[in-house]
Amino acid sequence: MNLSPDALRVFFARLLLVVGVFGVIWLLRNLLTWLMSKPLQGIMQRVGVTDDESHALIGSIVLIPVRYLLLAIGIDLSARILELPHPLIDFALNLSSTLVIVALAVLLFRIISAIVISPKRFLLFTGATIDDALLPFIRTGFMVLVIAVMLVIVLQVWDYDITGLVAGLGLGGLAFSLAAQDLLSNLFGFAAVVSDRPFVVGDYIK
């Protein structure tokens with residue numbers, strides 16, 4: 001399709017504006033990193049992380065989420081500036097929303113990994129005492145929950161009907177629980193023994 005000179009000028013002007021938007025977003029990455037780091041500093045202090053360790057830990061936590069958020073903002077603004085056709089702009093907006101959801105999930109994922117790393121940090125953050133042996137199970141459980149919620153929200157963003165998926169997962173979970181009764185009973189028994197601590201190292205058990 002041939003474009004008139006005026007249309008070409010408008011197109012290139014919008015294209016330059018998109019390049020400028022990505023340039024401004026790239027320049028503001030440090031500001032966004034700082035804004036996301038401020039709430040985390042209080043959390044790290046609460047769980048007993050030293051200032052030197054906190055700086056490096058917070059940097060590793062927010063690095064990837066900030067990149068995803070900046071990319072989502074760039075895609076969203078670019079689609080609106082270029083005034084893409086209806087199917088393309090819907091795809092771009094859904095993609096930017098997906099990147100925001102993934103960024104939040106990764107942020108929660110990394111915060112959980114930083115907090116549920118030792119009984120001391122878990123105690124300082126939640127006020128609950130827990131044994132070392134239960135930490136991997138709790139950490140894995142939280143992470144699986146975050147991933148499951150993220151997938152459900154992403155599917156809703158892309159207009160997928162999740163009713164059948166949830167029903168299928170429910171039936172699959174029921175079948176798994178029936179097939180793995182011994183395994184699940186052993187896991188719950190392990191959790192009960194570790195949490196109640198009816199005996200410690202050095203005791204004689206009859």
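Note that the structure is predicted; figures quoted are calculated from it, not measured. (Residues numbered from 1 in each chain as written. Predicted model: local features only at pLDDT ≥ 70, side-chain atom pairs only at ≥ 80, totals over all residues. Heavy atoms only, no water.)

1. Focus: the overall build of the protein
Part 1: Counting secondary structure elements, the protein contains eight helices and zero strands.
Part 2: Put simply, the protein runs from its N terminus to its C terminus through helices and strands in the order α-α-α-α-α-α-α-α.
Part 3: Contacts in the protein between residues at least 24 apart in sequence constitute 69% of all its contacts with a sequence separation of at least 6.
Part 4: Accessible area for the protein stands at about 13900 Å²; split by element, carbon and sulfur atoms hold 70% of it. (Helix = DSSP H or I, 4+ residues; strand = E, 2+ residues; numbered from the N terminus. Contact = heavy atoms within 4.5 Å. Areas by Shrake-Rupley, 256 points an atom, 1.4 Å probe, with all protein chains shown as cover.)

2. Quick word on the confidence of the model for the protein
Part 1: Chain-level pLDDT for the protein is 77 on average; 70% of the residues reach the 70-or-more range.
Part 2: By mean pLDDT, helix 7 (residues 163–179) is the weakest element of the protein at 62, and helix 4 (residues 86–115) is the strongest at 89. (pLDDT = per-residue confidence, 0-100.)

3. Here we look at the nonpolar core
Side chains of nonpolar character tend, in soluble globular proteins, to be buried together.
Part 1: Counting residues in hydrophobic clusters, the biggest one holds 27 residues, and the most contacted among them are Met-36, Leu-40, Met-44, Ile-61, Val-62, Leu-107 and Ile-111.
Part 2: Counting only elements with at least two residues in this core, the list comes to helix 1 (5–27), helix 2 (29–46), helix 3 (51–82), helix 4 and helix 6 (135–157).
Part 3: Contact partners of Ile-61, with chain neighbours within four places excluded, come to Leu-40, Met-44, Leu-107, Arg-110, Ile-111 and Ala-114.
Part 4: Membership of the second largest hydrophobic core comes to six residues, among which are Ile-75, Ala-79, Ala-92 and Leu-99. (Core = buried A, V, L, I, M, F, W, Y, C linked by side-chain atoms within 4.5 Å. Buried < 20%, exposed > 50% of the residue type's maximum accessible area, 1.4 Å probe, protein only.)

4. Some thoughts on the pattern of salt bridges
Part 1: The full count for this structure, using the stated rule, is two salt bridges.
Part 2: Across the salt bridge formed by Arg-80 and Asp-76, the nearest N and O atoms sit 2.8 Å from each other. Separated by four residues within a single helix, Arg-80 and Asp-76 lie in helix 3, roughly one turn from each other.
Part 3: In this structure Arg-80 comes out as partly exposed when scored by relative accessible area, which is 49%. (Salt bridge = Lys/Arg side-chain N within 4 Å of Asp/Glu carboxyl O.)

5. Regarding the packing of aromatic side chains
Part 1: Under the counting rule described, the total for this entry stands at one aromatic pair.
Part 2: Taking the ring centre of Trp-26 as reference, the NZ or CZ of Arg-29 above it sits at 4.1 Å. (Phe/Tyr/Trp six-rings, centres within 6.5 Å; stacked < 30°, edge-to-face > 60°. Lys NZ or Arg CZ within 6 Å of the ring centre and 35° of its normal.)

6. Examining a nonpolar patch on the surface
Part 1: Nonpolar side chains collect at one region of the surface, where Val-24, Leu-28, Leu-31, Trp-34 and Leu-35 lie side by side and expose about 480 Å² of accessible area between them.
Part 2: Per-element accounting of the nonpolar patch gives the leading share, three residues, to helix 2.
Part 3: Note that Trp-34 resides in helix 2.
Part 4: We classify Trp-34 as partly exposed; its relative accessible area is 48%. (Patch = residues over 30% accessible without salt bridge, like charges linked within 9 Å, V, L, I, M, F, W, Y side chains within 5 Å.)

7. Considerations on helix 6
Each turn of an α-helix holds 3.6 residues, which means side chains three or four residues apart point in the same direction.
Part 1: Between its first and last C-alpha atoms helix 6 spans 33 Å; for 23 residues at 1.5 Å apiece the expected length is 33 Å, and the two agree.
Part 2: All buried positions along helix 6 are accounted for by Leu-135, Met-143, Val-146, Met-150 and Val-154.
Part 3: Just downstream of helix 6 lies Asp-159, where phi reads positive at about 65°. (Expected span 1.5 Å × (residues − 1).)

8. Comments concerning the side chain of Asp-76
Part 1: Residue Asp-76 is classed as buried on the basis of its relative accessible area, which comes to 19%.
Part 2: Apart from the residues lying within four places of it in its own chain, the contact partners of Asp-76 are Leu-93 and Ser-96.

9. Digging into the environment of Thr-33
Part 1: Residue placement: Thr-33 occurs in helix 2.
Part 2: With 29 residues separating them along the chain, Thr-33 and Val-62 place their C-alpha atoms 6.6 Å apart.
Part 3: Setting aside residues up to four positions removed in sequence, Thr-33 forms contacts with Val-62 and Val-66.
Part 4: For Thr-33, the side chain forms a polar contact with the main-chain oxygen of Arg-29, separated by 2.8 Å. (Polar contact = N/O pair within 3.5 Å; in protein donor to acceptor, adjacent residues only side chain to side chain.)

10. A word on the packing of helix 4 against helix 6
Part 1: At a closest axis distance of 10 Å, the pairing of helix 4 and helix 6 adopts a crossing angle of 175°. Between helix 4 and helix 6, the angle falls in the class roughly antiparallel. Residues Asn-94, Ser-97, Thr-98, Ile-101, Val-102, Ala-105, Leu-108, Phe-109, Ile-112 and Ser-113 of helix 4 form the contact with helix 6, whose own contacting residues are Arg-139, Phe-142, Met-143, Val-146, Ile-147, Met-150, Ile-153, Val-154 and Val-157.
Part 2: Of the residues contributing to the contact of helix 4 with helix 6, the split by class is 14 nonpolar, four polar and one charged. (Axes fitted to C-alpha atoms, helices over the stretch in contact; angles between N-to-C directions. Parallel < 35°, antiparallel > 145°, perpendicular 65-115°, else oblique. Nonpolar A, V, L, I, M, F, W, Y, C, P; charged D, E, K, R; others polar.)

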